[in-house]
Amino acid sequence: SLTVATPTFAQGQLPKLVTKDGKHALLVDGKPFLMLGVQANNAANYASQMPKVWPAVKALHANTLEIPIAWEQIEPVEGKFDFSYLDLLLKQARENDTKLVILWFATWKNNGPQYAPEWVKLDNKRFPRLVNGKGEVKNSLSPHFRATLEADKKAFVELMRFIKANDPDHTVIMVQPENEVGAYSAIRDFSPTAQKIFDGQVPKELVKAMNKKPGTWKEVFGKDADEFFYAWSIGRYVDEIAAAGKQVLPLPMYVNAALRDPFNDQDPFTYSSGGPTWNVLDVWKAAAPSIDALAPDIYMRESEKVRKTLEQYGRPDNALFVPEIGSDKAYARYIYDVLGHQGIGFAPFGLDFTGYSNYPLGAKTVDAKTLENFAVHYRLLSPMAREWARLSYEGKVWGVGEQEGGKPETIDLGGRWNVRVTYGEWQFGSIEAPWMAKAEKQPDREIPDAGALIAQLSPDEFLITGYRARLTFGAAKNERFMVSRVEEGHFDEAGRWVFDRLWNGDQVDYGLNLTTLPQILKVKLATY
Ligand code: N0T
C-alpha cells in the first residue's frame, strides 16, 4: 500500500499569556517575551504596501508587527475565502524575523463596519444597524442580532484555521478581534430588539461579578445602565467570536479600547460607548472570559493622563499591553512608563512609509526622523528584551518616562533603597547645585524624550538602563550609603550578560548618567 507522509513541523510552543501572583507575561517559545512593536497604518493590509512597511519595522528595530486583516479581504463573496494576502504576510514576516499580531477588522472597526464585506454592510435587513437614543439609525452594526455574530464568527474561525495550518512556528503571537469596539454618537442600541433585552433582567453572571442584587438593567445599574448594557452586549459578542477562534487555535487574544477621560466621567455619547473604557472594565471582564487582556490605545500626550491610564489597565487580573500609542516624539518615552507598570508590549501606531499621518493624534509627518524617536529606545531594549520580560514577570521592576518640564522624581525601591531620577543634567556636577548655575541648559529638551528602567537582581543589586536620565541611588533611612560597584556591560546575541568595564570616578561622582548611548549597568548598593 502507498503511504503518504504527512508533513510534520517542529511544532513550537503556542504563545500564551500567563499570570502569577498578579503579574503577567506573554510567553513566546515558552519564555517571557517583551513585544517592541509597531502598528501599520489602516489600509496597509495589501501586498502592494508591504515594501513600504518592512523597512519601517527594520528601522525601528521592532520585533513585532501589528497589521490588519479585513473581513472584506478574506470573504469578499459569502462562503468563499481568500487567504492569499495572509499567506504572503506570514512568509514575509518569517523572512524579516518579525512576529505578527493580527488585527481582525470586521463587525467593528471604530464603530463602523467599513471593513466588513459589501454583502454585509449593504444588507441592513439581515445585519441591522443600531438606532441611537434620538431614533437615528447609525452606521454601526448592532450586537443584538445572531445573523451578524454568526457571519463574523464563521469568517474568524476560517482565519484561525488558516493560521493554524500555515503557521506551525507561531509567527503570529496574538490576535485582536475587532478594533476599538463601541459606538460613537450613541450610548447603546435602542431598536425594539435591543430595548426588549434592556428591559429584561441583568444576566446572573454579571450581577454576581458586580456584587449586585438581581433586577432589570435600570434597577441594577441606574444611570450607568445604558453604557453597562452595551459594554456587556458587545463583550459577549466578541467573546463568542474569540472563543470559537480559540477552539481552533488558542492564541492570546486582546480587545483594544478607544479611551475616555482617565480622570473624569465623560458623556458616553462623546466616546466609543460599549468598548472597554476604564469605567466598564469589570463588566468586560465578566462578559469576555476568552479575552486575555483589555488594552488601552493611547492618544493623550500628557504624562499625568498616560500614567493614570496605565494604572487603570495594569491590574492583577489584566496584563498591561499598549497596542497603539501616538507616533509623535512625545509618546516615545512612555515605553519606560509602560515597562515600569509591568507592560508586556508597546506599539506606536502608523509608523510605516505608506504615506499616511494621523496628526493631530500622532506625528505630522512620518519619515526616518519620526521613526528614530522610537528606534533609540528599541535599539537599547531589544538585546535585553527577553531578560527584561523575565525580570518583570519574576522579580521587581520600575520605570519612568520623563514628565513635562523634566520634573525630577524619587522612586522607592522596596524599602531600604531609593533612586532619584533627574533630567537635563550634564554628566559632571548638578543643575540643582547653586555653584553649577552658570552651566548652559542642555540642548534639545523641549519635548520630553528621556526615561529610566530599573530591575531588582538581588536585595542590594539592580540592573538599570535608560535614555538621557541621571540616576542617583540612596538609602531611605539615615545610613552611611555608597554605591559599591557599577558594572557596565551588554547582552550578547544569546541574551547573556557580558562584562565591559567598571564605572568609577567622574562616571559615578554625580550619579549615574545615562546618555544617548545604549548603556546598561549593574549597580550594587551598600552601607559603610
Ligand atoms: C485608532 C487610530 C486608527 C484623545 C487612529 C484612535 C486605529 C484606531 N483610533 O489613527 O484608526 O485603527 O484604533 C481614536 C482616537 C480617538 C480620539 C482620542 C482623543
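Located above this text is the structure these notes cover.
So, a few notes on the structure that sits alongside this text. (Residues numbered from 1 in each chain as written. Predicted model: local features only at pLDDT ≥ 70, side-chain atom pairs only at ≥ 80, totals over all residues. Heavy atoms only, no water.)

Quick word on the overall build of the protein chain
Working step 1: Helix and strand counts for the protein chain come out as 16 helices and 23 strands.
Working step 2: A globule of 528 residues ought to have a C-alpha radius of gyration of about 24 Å, and the protein chain, at 25 Å, matches this closely.
Working step 3: A principal-axis box enclosing the C-alpha atoms of the protein chain has dimensions of 75 × 70 × 45 Å.
Working step 4: Each of the 528 residues in the protein chain was classed as buried or not, and the buried ones make up 57%.
Working step 5: Look at the contacts in the protein chain between residues 6 or more apart in sequence, and 73% of them connect residues 24 or more apart.
Working step 6: Counting every atom, the protein chain has about 22500 Å² of accessible surface; 52% of that belongs to carbon and sulfur.
Working step 7: Positive and negative side-chain charges in the protein chain, numbering 62 and 67 respectively, have mean positions lying 3 Å apart. (Helix = DSSP H or I, 4+ residues; strand = E, 2+ residues; numbered from the N terminus. Rg over C-alpha atoms; globule rule 2.2 N^0.38 Å. Buried < 20%, exposed > 50% of the residue type's maximum accessible area, 1.4 Å probe, protein only. Contact = heavy atoms within 4.5 Å. Areas by Shrake-Rupley, 256 points an atom, 1.4 Å probe, with all protein chains shown as cover. Lys, Arg positive; Asp, Glu negative; His and termini not counted. Charge placed at Lys NZ, Arg CZ, Asp CG, Glu CD.)

A short note on the sheet that holds strand S10 (residues 254–258)
Working step 1: Read from one edge of the open sheet, 8 strands run S9-S6-S5-S4-S13-S12-S11-S10, paired in parallel fashion. At either end of the open sheet lies a strand with only one pairing partner, and these are strand S9 (172–179) and S10. Across the sheet, the mean angle separating the axes of adjacent strands is 25 degrees when strand polarity is ignored.
Working step 2: Pairing of strand S5 (residues 64–70) with strand S6 (residues 99–109), which is carried by 7 bridges, proceeds in the parallel orientation. Bridging across to S6, threonine 64 finds its partner in lysine 99.
Working step 3: Against the sheet, helix H11 (residues 303–313) makes contact with S10, strand S11 (293–298) and strand S12 (322–325), and its axis sits at roughly 170 degrees relative to S11, the strand it touches most. (Pairing = 2+ DSSP bridges. Axes fitted to C-alpha atoms, helices over the stretch in contact; angles between N-to-C directions.)

Some thoughts on the pairing of S6
Working step 1: Most of S6 is tucked away, with 11 of its 11 residues classed as buried.
Working step 2: Pairing analysis gives 6 bridges linking S6 to S9, with the strands arranged parallel. Within S9, the position partnered with tryptophan 104 by the bridge is proline 177.

Section: the site of the ligand
Working step 1: Around the ligand, the structure places Asn42, Lys109, Asn110, Asn179, Glu180, Asp297, Tyr299, Glu324, Phe349, Asn358 and Leu361.
Working step 2: Between an oxygen atom of the ligand and a side-chain N or O atom of asparagine 42, the distance comes to 3.0 Å.
Working step 3: Surface burial for the ligand is 70%, taken as the share of its 500 Å² of free accessible area covered by protein chains.
Working step 4: Judged by the fraction of its atoms near the pocket grid, the ligand is located in the second largest pocket.
Working step 5: Residue composition of the shell around the ligand, grouped by class: 3 nonpolar, 4 polar and 4 charged. (Near = heavy atom within 4 Å. Polar contact = N/O pair within 3.5 Å; in protein donor to acceptor, adjacent residues only side chain to side chain. 1 Å grid on protein atoms, 1.4 Å probe; cavity = no way out; pocket = protein on both sides within 12 Å on 5 of 7 lines; lining within 4 Å. Sits in = over half its atoms within 2 Å of the grid points. Nonpolar A, V, L, I, M, F, W, Y, C, P; charged D, E, K, R; others polar.)

Quick word on the side chain of glutamate 227
Working step 1: Mapping glutamate 227 onto the fold places it in helix H9 (residues 225–248).
Working step 2: Despite its burial, glutamate 227 pairs with no opposite charge, the nearest such side chain being arginine 260 at 4.7 Å.
Working step 3: In this view, glutamate 227 contacts Ile187, Pro268, Tyr271, Ser273, Gly274, Thr277, Asn279 and Val280; residues no more than four positions away in its chain are not counted. (Salt bridge = Lys/Arg side-chain N within 4 Å of Asp/Glu carboxyl O.)

As for the sheet that holds strand S21 (residues 497–502)
Working step 1: The strand order S14-S17-S18-S23-S20-S21 describes an open sheet built from 6 strands, whose pairing is antiparallel. Lying at the two open borders of the sheet, with one neighbouring strand each, are strand S14 (397–401) and S21. When the angles between neighbouring strand axes are averaged without regard to direction, this sheet yields 25 degrees.
Working step 2: Bridging between S14 and strand S17 (residues 451–458) involves 5 bridges; their strand directions are antiparallel. Pairing of valine 400 across the sheet is with alanine 452, part of S17.
Working step 3: On top of the sheet, helix H14 (residues 368–381) reaches S17 and strand S18 (461–467); it is set at about 155 degrees to S18, its chief contact.

In short, the description is geometric, and any link to function would need to be established separately.
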